[in-house]
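# Summary of the model geometry
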Amino acid sequence: MKTMISKMSGAPNIDSWMACARPNPRAKLRLLCFPYAGGNSMSYRSWADRIPKSVELRAVQLPGRGVRLLEPPFDRLVPLVEAIKPVILRLLDKPFALFGHSMGARVAFELARLLRREENLEPAHLFVSGCRAPQLPIEDRAVYGLPEPEFIEELRRLNGTPKEVLENQELMQLMIPLLRADFAICSTYTYMPEPPLNCPISAYGGLADPEVSRESLEAWREQTASAFNLRLFPGDHFFINTNQPLPLRVLSEELYHLANAV
């Protein structure tokens, strides 16, 4: 796998885009994590101390959240991935893997394809979690355009937004534009056929996820010319939060073997 460092003048501020709770210059592998709709880099902060010491975790902080709260969020996938690429390039001085949950899985997948097309680079591994295979029809009914009461009820049904946040009207007024933009990224996504990636893919899912079935996860197999692994865990769409120890242990085992192989 080819790697490179980009030292572009005027490049995006890496500190605003990429959070790193535990810098590890001696790491053999970098794991770049992408948040789900409404999530931010803090979604992965606790993971840094629970993955192998040979792996450095970097969590992407998208505009419109956290320290970038005042920046307008992206509402389309292609411009978002194109904005992330120059930041990511500056971290590819060693092998890397990509992990994304739900919306983040789609972002990670399209970023992997963009890096292959434009930079002749591919990750050592792609981890996709809680996300239907990209070639399948979209089934989210354009949630981003629902009237506010229905939109909030949909958030409640998905079980990814804390109850105390949903019931805080002032906080929800800040969150709703961001959430609508993130849901629009998912709803307006258009899959364009390309050859399968050469890196292995691991797909994770929740056994009780009403949005992502085993079959829709199994379909990720078509997106790799290498090994494919499917793992299902107890929990709904947000099993990585509600049942975090188990999927994180499985991920850590995969990362351990991956870091020792690169």
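Just so we're clear, the structure is a prediction, and the values are computed from it rather than from any experiment.

## With respect to the pattern of salt bridges
- Using the criterion set out here, one finds 14 salt bridges in the structure.
- Aspartate 75 serves as the salt-bridge partner of arginine 76, at 3.8 Å between the closest nitrogen and oxygen.
- The class for arginine 76 is partly exposed, based on a relative accessible area of 36%.
- When its relative accessible area of 38% is taken as the criterion, aspartate 75 is described as partly exposed.
- The network of salt bridges with common partners includes Glu110, Arg113, Arg116, Arg117 and Glu194.

## With respect to empty space enclosed by the protein
- The full count for this structure, using the stated rule, is one cavity of 30 Å³ or more.
- Of the residues forming the lining of the largest cavity, the biggest block, three residues, is contributed by helix 9 (residues 245–261).
- Partitioned by chemical class, the residues of the lining of the largest cavity number seven nonpolar, one polar and no charged.

## A closer look at helix 4 (residues 148–158)
- Looking at helix 4, one finds that the buried residues are Phe151, Ile152, Glu154, Leu155 and Leu158. The arc that holds every buried residue of helix 4, seen down its axis, measures 155°, which confines them to one face.
- For helix 4, the elements touching its buried residues are helix 5 (163–166) and helix 6 (169–187).

## Comments concerning the sheet that holds strand 5 (residues 125–129)
- Spatially, the seven strands line up as an open sheet ordered 1-3-2-4-5-6-7, and their pairing is mixed. Every interior strand has two partners, whereas the edge strands, strand 1 (18–19) and strand 7 (228–233), have only one.

## Remarks on the pairing of strand 3 (residues 55–60)
- The buried fraction of strand 3 amounts to six of the six residues, a majority that puts the element mostly inside the structure.
- Going residue by residue along strand 3, you find Val55, Leu57 and Ala59 tucked away on one face and Glu56, Arg58 and Val60 tucked away on the opposite face as well.
- Pairing between strand 2 (residues 29–34) and strand 3: five bridges, direction parallel. Its bridge partner being in strand 3, arginine 30 is matched across the sheet by glutamate 56.

## A closer look at the packing of aromatic side chains
- Counted according to the given criterion, the structure contains 10 aromatic pairs.
- Judged by centre distance (5.0 Å) and plane angle (80°), the ring pair of tyrosine 36 and phenylalanine 238 falls under edge-to-face. In this pair, tyrosine 36 sits in the loop between strand 2 and strand 3 while phenylalanine 238 sits in the loop between strand 7 and helix 8 (239–242), placing the two residues 202 residues apart along the sequence. The exposure classification of tyrosine 36 matches that of phenylalanine 238, with both residues buried.
- Ring plane angle 55° and centroid distance 6.3 Å describe the contact between phenylalanine 127 and tyrosine 204, whose orientation is recorded as tilted. In this pair, phenylalanine 127 sits in strand 5 while tyrosine 204 sits in strand 6 (residues 201–206), placing the two residues 77 residues apart along the sequence.
- With a relative accessible area of 0%, phenylalanine 127 lands in the buried category.
- Residue class for tyrosine 204 comes out buried when judged on its relative accessible area of 1%.
- Taken together, the ring pairs connect Tyr44, Trp47, Phe99, Phe127, Tyr204, Phe233 and Phe239 into an aromatic cluster.

## Topic: the layout of surface pockets
- Empty space within the second largest pocket amounts to approximately 240 Å³.
- If you go around the second largest pocket, you meet 15 residues; those closest to its centre are Leu77, Val78, Glu110, Tyr189 and Thr190.
- For the lining of the second largest pocket, the secondary-structure elements that each account for two or more residues are helix 2 (77–89) and helix 3 (103–119).
- Among the residues forming the lining of the second largest pocket, the class breakdown is seven nonpolar, two polar and six charged.

## So, the nonpolar core
- If you look at the biggest cluster of nonpolar residues, it comprises 83 residues, and the most contacted ones within it are Leu31, Phe34 and Trp220.
- Other than its neighbours up to four places away in sequence, phenylalanine 34 contacts Tyr44, Val60, Ile84, Ile88, Leu98, Phe99, Gly100, His101, Gly104, Val107, Ala108 and Leu111.

## Side note on the environment of cysteine 131
- Looking at where cysteine 131 falls in the secondary structure, it is placed in the loop between strand 5 and helix 4.
- The residues contacting cysteine 131, other than those within four sequence positions of it, are Ser102, Ala105, Arg106, Val212, Leu217 and Trp220.

The rules we used
Residues numbered from 1 in each chain as written. Predicted model: local features only at pLDDT ≥ 70, side-chain atom pairs only at ≥ 80, totals over all residues. Heavy atoms only, no water. Salt bridge = Lys/Arg side-chain N within 4 Å of Asp/Glu carboxyl O. Buried < 20%, exposed > 50% of the residue type's maximum accessible area, 1.4 Å probe, protein only. 1 Å grid on protein atoms, 1.4 Å probe; cavity = no way out; pocket = protein on both sides within 12 Å on 5 of 7 lines; lining within 4 Å. Points joined across faces, edges and corners; volume = space filled by probe spheres on them. Helix = DSSP H or I, 4+ residues; strand = E, 2+ residues; numbered from the N terminus. Nonpolar A, V, L, I, M, F, W, Y, C, P; charged D, E, K, R; others polar. Arc of directions from axis to C-beta. Contact = heavy atoms within 4.5 Å. Pairing = 2+ DSSP bridges. Phe/Tyr/Trp six-rings, centres within 6.5 Å; stacked < 30°, edge-to-face > 60°. Core = buried A, V, L, I, M, F, W, Y, C linked by side-chain atoms within 4.5 Å.

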